[in-house]
Amino acid sequence: MNALPAMTEMNALIPPRSLTALPASHAPWGDTMLAHTGRATDAFGGLVNTPVCRGSTILSNSLEEWESRKQPNNPMASYGRFGTATTKAFESAIAELEGGAASIVFPSGLAACTHAIMAVVRHGDHVLISDSVYGPTRQFANRVLAAMNIEVEYYDPLVGGAIRERIRPNTRAVYVESPGSLTFEVQDIAAIAQEAHRGDAYVIMDNTWASPLYFNPFAHGVDISVQAATKYIVGHSDALLGVATANPRAWPLLQAGAQNFGQIAGPDDIYLALRGLRTLAVRLRRHQETGVFLADALSSHRAVARVLHPALPGDPGHAIWARDFRGASGLFGLVLKPMSAQAMSVLFARLQLFGIGLSWGGYESLALPVDTPSRTIRPLHLEGPLLRIHAGLECAQDLWADFSSGLDAAWACDGH
Ligand SMILES: *Cc1c(COP(=O)(O)O)cnc(C)c1O
């Protein structure tokens, strides 16, 4: 990265812009819960934080204690693979935040997505998956589920209650993600869940974009909610982690499924996620404000065709977002007007505050050019290059100055 620009100078060049109105209440309950959940101060000599507990073998003092550890849901008795105090602290915190019965941690977000599906499906089942699903989840479905004789059908993320026509007697899972990966379509989760539950299908939701604070999956009929904790929960781009939370109906399946596969995450990464949780509400408010500010400012730039951000009043998903969500995170899409490859190079060469890289949810801003995402049902019509923007915790005006100067240079490069 080049030397940082002089921030105050840049700020002086920018006319003040008003923020688009944000929802009055983000998730005030979250602030208090995040400070107190998942702690066991008395068990650790008064330490505020549950420490990193390392361990495989957990010794018993007597044969009687050993026997007493064989709980019905823990046939192997106490063992590191079933979790330590660090694991339990994180899982209980997430279960409380999501409002589910219980949670289980996975070594990555993708592992949480795939194991949530594997927990419920059986040979010969049919699963419905949103056409706007996270790309690696789509690949898992096409490669692994298909090879297991599980029929995968993609549905239009805007389908709502009309998903009824797609549901069959052997439909076992409806996998939703809202807003959609890269294209940010907002789904009517309650309407979809209502139809799915006419049969015995489980509704699994990838709830990473909103985090547990800005969307309550269980109040909208979801059975299993998945978080790529790598994103906002860890929040600092320094660990990979996933977590899945179930309602009472789905929990026995989810727990057994994870145990059958032997999935565990390391205590250091879980500790980082617990630590990230403490500031989640504060960070999200800032990600939201800056994201909305940038999205709003970008939507009137001459090099921009469209901004894909459900908190903007003109967005096609805005009405459902405003009805169902408590807030927006800092991740949104940007469709540029047609632009030459050379102009794109100029844009990215100019950017000093936006990193080019995968993942998101850290404190730092990112801008990522993405290939046209795979779609089966709902073809995408993109006017020009698609970018995914993550608004970090930097000063919003500095980010706008940086990005708009890149866009101006790219626009000029194409001779406009
Ligand atoms: C990043 C991401 C995942 C996967 O998380 P990893 O920790 O990278 O495996 C899953 N779903 C969504 C929506 C994501 O953005």
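Predicted model, so just to flag it, every value in this text is computed and none were measured.

Scanning the protein chain from N- to C-terminus turns up 14 helices and 11 strands. The globule rule puts the C-alpha radius of gyration for 416 residues at 22 Å, and the 22 Å found for the protein chain is close to it. Overall size of the protein chain, expressed as C-alpha extent along the three principal axes, is 80 × 55 × 35 Å. Taken across its 416 residues, the protein chain has 54% of its residues classed as buried. Long-range contacts, defined as pairs at least 24 residues apart, comprise 76% of the intrachain contacts of the protein chain with a sequence gap of at least 6. Per element, the accessible surface of the protein chain, about 17500 Å² overall, is 55% carbon and sulfur. The average position of the 31 basic charges and that of the 37 acidic charges among the side chains of the protein chain differ by 2 Å.

Split by domain assignment, the protein chain resolves into domain 1 (9-280) and domain 2 (281-413). Look at where the C-alpha atoms of domain 1 and domain 2 centre, and you get two points 26 Å apart. Counting residues at the interface gives 55 residues for domain 1, matched by 54 residues for domain 2. Remark: the boundary between domain 1 and domain 2 carries 3 salt bridges. Close ionic contact of arginine 378 with aspartate 156 constitutes a salt bridge, the shortest N to O distance being 3.0 Å. One can count 27 residue pairs in polar contact (both at pLDDT 80 or more) joining domain 1 with domain 2.

On to helix α14 (residues 396-413). Counted at 1.5 Å a residue, the expected span for α14 with its 18 residues is 26 Å, and the 26 Å between its end C-alpha atoms agrees. Counting buried positions along α14 yields 13 of 18 residues, so the element is predominantly enclosed. Glycine 415, located one to two residues past α14, shows a positive phi value of around 75 degrees.

What follows covers the pattern of salt bridges. Under the defined criterion, the tally for this structure stands at 17 salt bridges. Taking the shortest distance from any N to any O, the salt bridge between aspartate 268 and arginine 54 comes out at 2.9 Å. Of the two residues, aspartate 268 sits in helix α10 (residues 267-278) while arginine 54 sits in the loop between α2 (28-36) and α3 (63-68), which places them 214 residues apart along the sequence. With relative accessibility at 36%, the residue aspartate 268 sits in the partly exposed group. Take arginine 54: its relative accessible area is 62%, and that puts it in the exposed class.

Ranked by internal contacts, the top residues of the largest apolar core, which has 58 residues, are Phe90, Val174, Trp209, Leu213 and Leu277. It is helix α4 (residues 85-98) that provides the largest number of residues to this core, a total of 5 residues. The residues that make up this core include at least three from each of domain 1 (9-280) and domain 2 (281-413). For tryptophan 209, the residues in contact, after removing those within four places along its chain, are Pro179, Phe184, Tyr232, Pro310, Trp321, Phe325, Gly327, Ala328, Ser329, Leu331 and Trp360. Ala111, Ala173, Tyr175 and Val226 belong to the second largest nonpolar core, which has 32 residues in total.

With that settled, consider the site of the ligand. Taken together, 13 residues lie around the ligand, and Gly109, Leu110, Asp206, Thr230 and Lys231 are the ones closest in. Between the ligand and leucine 110, the relevant distance is 2.8 Å, taken from an oxygen atom to a main-chain nitrogen or oxygen of the residue. Separating a nitrogen atom of the ligand from a side-chain N or O atom of aspartate 206 is a distance of 2.6 Å. For the ligand, whose accessible area on its own is 380 Å², the fraction buried by protein is 90%. Taken atom by atom, the bulk of the ligand overlaps the largest pocket. When residues in the shell around the ligand are grouped by element, the largest group, 3 residues, is from helix α5 (residues 109-120).

Our next topic: the sheet that holds strand β3 (residues 151-155). Strand order in this open sheet of 7 strands is β1-β7-β6-β5-β4-β2-β3, and the pairing throughout is mixed. Only two strands of the sheet have a single partner each, and these edge strands are β1 (102-106) and β3. Ignoring which end each strand starts from, the neighbouring axes of this sheet average 20 degrees apart. Pairing geometry for strand β6 (residues 224-228) and strand β7 (residues 242-246), over 5 bridges, is antiparallel. Residue pairing for β7: isoleucine 224 is matched across the bridge by alanine 246. Contacting β2 (126-130), β3 and β4 (171-177), helix α6 (residues 135-147) runs over the sheet at an angle of about 150 degrees to β3.

Below, the discussion takes up the pairing of strand β5 (residues 202-206). The buried fraction of β5 amounts to 5 of the 5 residues, a majority that puts the element mostly inside the structure. Of the two faces of β5, the one carrying Tyr202, Ile204 and Asp206 and the one carrying Val203 and Met205 are both buried. Examined bridge by bridge, β4 and β5 share 5 bridges and lie parallel to one another. Bridge pairing in β5 links valine 176 to methionine 205. Crossover handedness for the path β4 to helix α7 (residues 189-196) to β5: right-handed.

Turning next to the sheet that holds strand β8 (residues 304-308). Taken in spatial order, the 4 strands make up an open sheet running β8-β9-β11-β10, and their pairing is antiparallel. In this open sheet, the two edge strands, each paired with only one partner strand, are β8 and β10 (366-370). Pairwise comparison of adjacent strand axes, ignoring direction, gives a mean angle of 25 degrees for this sheet. With 5 bridges joining them, strand β9 (residues 331-336) and strand β11 (residues 386-390) adopt antiparallel strand pairing. Looking across to β11, one finds that phenylalanine 332 is bridged to isoleucine 389. Across the sheet, helix α11 (residues 280-298) touches β8, β9 and β11, and the angle it forms with β9 is around 15 degrees.

Calculation notes
- Residues numbered from 1 in each chain as written.
- Predicted model: local features only at pLDDT ≥ 70, side-chain atom pairs only at ≥ 80, totals over all residues.
- Heavy atoms only, no water.
- Helix = DSSP H or I, 4+ residues; strand = E, 2+ residues; numbered from the N terminus.
- Rg over C-alpha atoms; globule rule 2.2 N^0.38 Å.
- Buried < 20%, exposed > 50% of the residue type's maximum accessible area, 1.4 Å probe, protein only.
- Contact = heavy atoms within 4.5 Å.
- Areas by Shrake-Rupley, 256 points an atom, 1.4 Å probe, with all protein chains shown as cover.
- Lys, Arg positive; Asp, Glu negative; His and termini not counted.
- Charge placed at Lys NZ, Arg CZ, Asp CG, Glu CD.
- Domains from an automatic or database assignment.
- Salt bridge = Lys/Arg side-chain N within 4 Å of Asp/Glu carboxyl O.
- Polar contact = N/O pair within 3.5 Å; in protein donor to acceptor, adjacent residues only side chain to side chain.
- Expected span 1.5 Å × (residues − 1).
- Core = buried A, V, L, I, M, F, W, Y, C linked by side-chain atoms within 4.5 Å.
- Near = heavy atom within 4 Å.
- 1 Å grid on protein atoms, 1.4 Å probe; cavity = no way out; pocket = protein on both sides within 12 Å on 5 of 7 lines; lining within 4 Å.
- Sits in = over half its atoms within 2 Å of the grid points.
- Pairing = 2+ DSSP bridges.
- Axes fitted to C-alpha atoms, helices over the stretch in contact; angles between N-to-C directions.
- Right-handed = clockwise from strand over helix to strand, strands pointing away.

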